[in-house]
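# Structural description and commentary
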Amino acid sequence: MWKMLVLMMAVAQPVLAESTPAEPGSAGKAPLRPVISEILRSEAARLPGFPGTIAAEVESVLAFQTAGRIASRSVELGDRVAAGDELAALDQISLADDVSTAKAALKAAVAQAALAQQTLERAEQLASRGVSAKVQVETALAGRDSTAAAVIAAEANLARAEDAARYGVLRAPSAGVVIATPVDPGTMVVAGTPVLTLAVDETLEVVINLPPEVLTVLGPEASFLIRPRSAGAVPVPGRLRLVEPVADSTTRRSAVHIRLEGKSALIRIGSLVEVDLSLPEAAVLSLPLTAILQTDTGPQVWRISPQNRKAESVAVTPGERIGDRIVVTGALNPGDEILVRGVNSITEGQTLGERTE
């Protein structure tokens, strides 16, 4: 499980190292060696904010359940709709014509079936008296069965036409915002052709892109503060929902989805916001990689005593890597001055000069 970290603010400044005289009694000293140190400050520093976009966690792709020509579309891209609002409609005249045609076809099929039944009955009567051949009865029977099947097909066509007329109006299943209109009025569509995409209001989220070094400090329950870009706007809390597994090949950043846990009139789909990571206040120290000195006894850093400006080694345990820095734990405290450059030129107890800008 990832740790949630807060980095300590650090300021790097050059320091001049002083050494002891080269020989006993000698007034000269070895040349000063420039090194660079950081002061670990006591205040916890938050990671910088990141720009984000409000999006819908759920997007509904809407389509007609029947084929037809789109006669009208009542909404445009970006329009806000309520549940039950009419979004688009098929040509009702052509749908009504289809129903009338299907009814007429059914009526004709029923008449043909009735005639075929009468023909069969006459053929059977004649065959029973020996007037007609048996083949005529078989022909009439086939005609009766064929017209009966035609009646069933005509009934199905009428039901389909009536369904088409009933489903000729597309309505919003829930409140939301129209975010796509792939087809225009006048277009012939079949059942299932996407007509509109609706971003559902009930489940809003924020999408931000984070670099790998920031992802390392996100826990599975990471929390955020979402700030609308308006003066005096109240931040809205958010919770990590998803980190997309594949990073962008150009920016090497991963899309992070944050579920909103509050509401604000200033937060709407498509609006831009600023996102801050809400990390714990406990200070966790990080140092540049160059500050770590590998010794026979393990990793250590040089700490400069504020009383006598002498270098003292402090054993540390390296933790997670964050860019060009690394988290360290050990006997370090806020306010300590740590060497970050020139660590190989220092010896235990060596006196260093005052820090300079």
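Residues numbered from 1 in each chain as written. Predicted model: local features only at pLDDT ≥ 70, side-chain atom pairs only at ≥ 80, totals over all residues. Heavy atoms only, no water.

This next bit is on the pattern of salt bridges. Counting across every chain of the model gives twelve salt bridges. Where Asp184 meets Arg73, a salt bridge forms, and the shortest distance between an N and an O atom there is 3.3 Å. Placement of the pair is Asp184 in the loop between strand 9 (176-180) and strand 10 (188-189) and Arg73 in strand 5 (residues 68-73), with a sequence separation of 111 residues. Relative accessible area serves as the criterion here: at 45%, Asp184 is assigned to the partly exposed category. A relative accessible area of 15% means that Arg73 is categorised as buried. A salt bridge links Glu337 to Arg309, with the shortest nitrogen-to-oxygen separation between them at 2.7 Å. You can see Glu337 sitting in strand 22 (residues 337-341) and its partner Arg309 sitting in the loop between strand 19 (298-304) and strand 20 (311-322), a full 28 residues away along the chain. Each member of the salt-bridge network shares a partner with another, and the members are Glu57, Glu205, Arg241 and Arg259. (Salt bridge = Lys/Arg side-chain N within 4 Å of Asp/Glu carboxyl O. Helix = DSSP H or I, 4+ residues; strand = E, 2+ residues; numbered from the N terminus. Buried < 20%, exposed > 50% of the residue type's maximum accessible area, 1.4 Å probe, protein only.)

A few words now on the pairing of strand 15 (residues 254-260). Within strand 15, six of the seven residues are buried, which leaves the element mostly enclosed by the surrounding structure. Bridge count for strand 12 (residues 204-210) against strand 15 is six bridges, and the pairing is antiparallel. Paired with Val206 across the strands is Ile258, a residue of strand 15. Bridging between strand 14 (residues 236-243) and strand 15 involves five bridges; their strand directions are antiparallel. Across the sheet, residue Leu240 finds its bridge partner in strand 15, namely Ile258. (Pairing = 2+ DSSP bridges.)

Moving on, we get to the side chain of Ser60. Along the chain, Ser60 turns up in strand 4 (residues 59-63). Sequence-distant contacts of Ser60, defined by excluding residues within four places in its chain, comprise Leu196, Thr197, Leu198 and Val200. (Contact = heavy atoms within 4.5 Å.)

A general trend in soluble globular proteins is that nonpolar side chains are found buried together. Counting residues in hydrophobic clusters, the biggest one holds 21 residues, and the most contacted among them are Val206, Leu210, Phe224, Ile226, Ile258, Leu260 and Val275. Breaking this core down by element, the ones donating at least two residues are strand 3 (50-56), strand 12, helix 3 (212-215), strand 13 (223-228), strand 14, strand 15 and strand 16 (272-278). With four residues, the single largest contributor to this core is strand 12. If near-sequence neighbours (up to four positions away) are discounted, Ile226 is found in contact with Val206, Pro235, Val236, Pro237, Gly238, Ile258, Leu260, Ile267, Val273, Glu274 and Val275. Residues Ile70, Leu87, Ala88 and Ala172 belong to the second largest nonpolar core, which totals 16 residues. (Core = buried A, V, L, I, M, F, W, Y, C linked by side-chain atoms within 4.5 Å.)

As a further point, take the sheet that holds strand 12. Pairing between sheet strands relies on hydrogen bonds along the backbone, with the strands arranged either parallel or antiparallel. Strand order around the closed barrel formed by six strands is 3-12-15-14-13-16, with antiparallel pairing between neighbours. Within the sheet, the average angular offset between the axes of one strand and its neighbour, ignoring direction, is 45°. (Axes fitted to C-alpha atoms, helices over the stretch in contact; angles between N-to-C directions.)

Of the residues in the protein, 83% reach a pLDDT of 70 or more, and the chain-wide mean stands at 79. When the criterion is pLDDT under 50, residues 19-27 qualifies, and its contacts beyond four places in sequence or with other chains add up to eight contacts. Across residues 42-46 the pLDDT falls below 50, and counting only partners more than four positions away or on other chains, this stretch makes 14 contacts in the model. (pLDDT = per-residue confidence, 0-100.)

With respect to topology, four strands assemble into an open sheet ordered 8-7-5-10, the strand pairing being antiparallel. In the strand order of this sheet, the two ends are held by strand 8 (169-171) and strand 10, each with one partner. With three bridges connecting them, strand 7 (residues 86-90) and strand 8 associate as antiparallel partners. Considered in strand 8, the bridge of Ala88 is made with Leu170.

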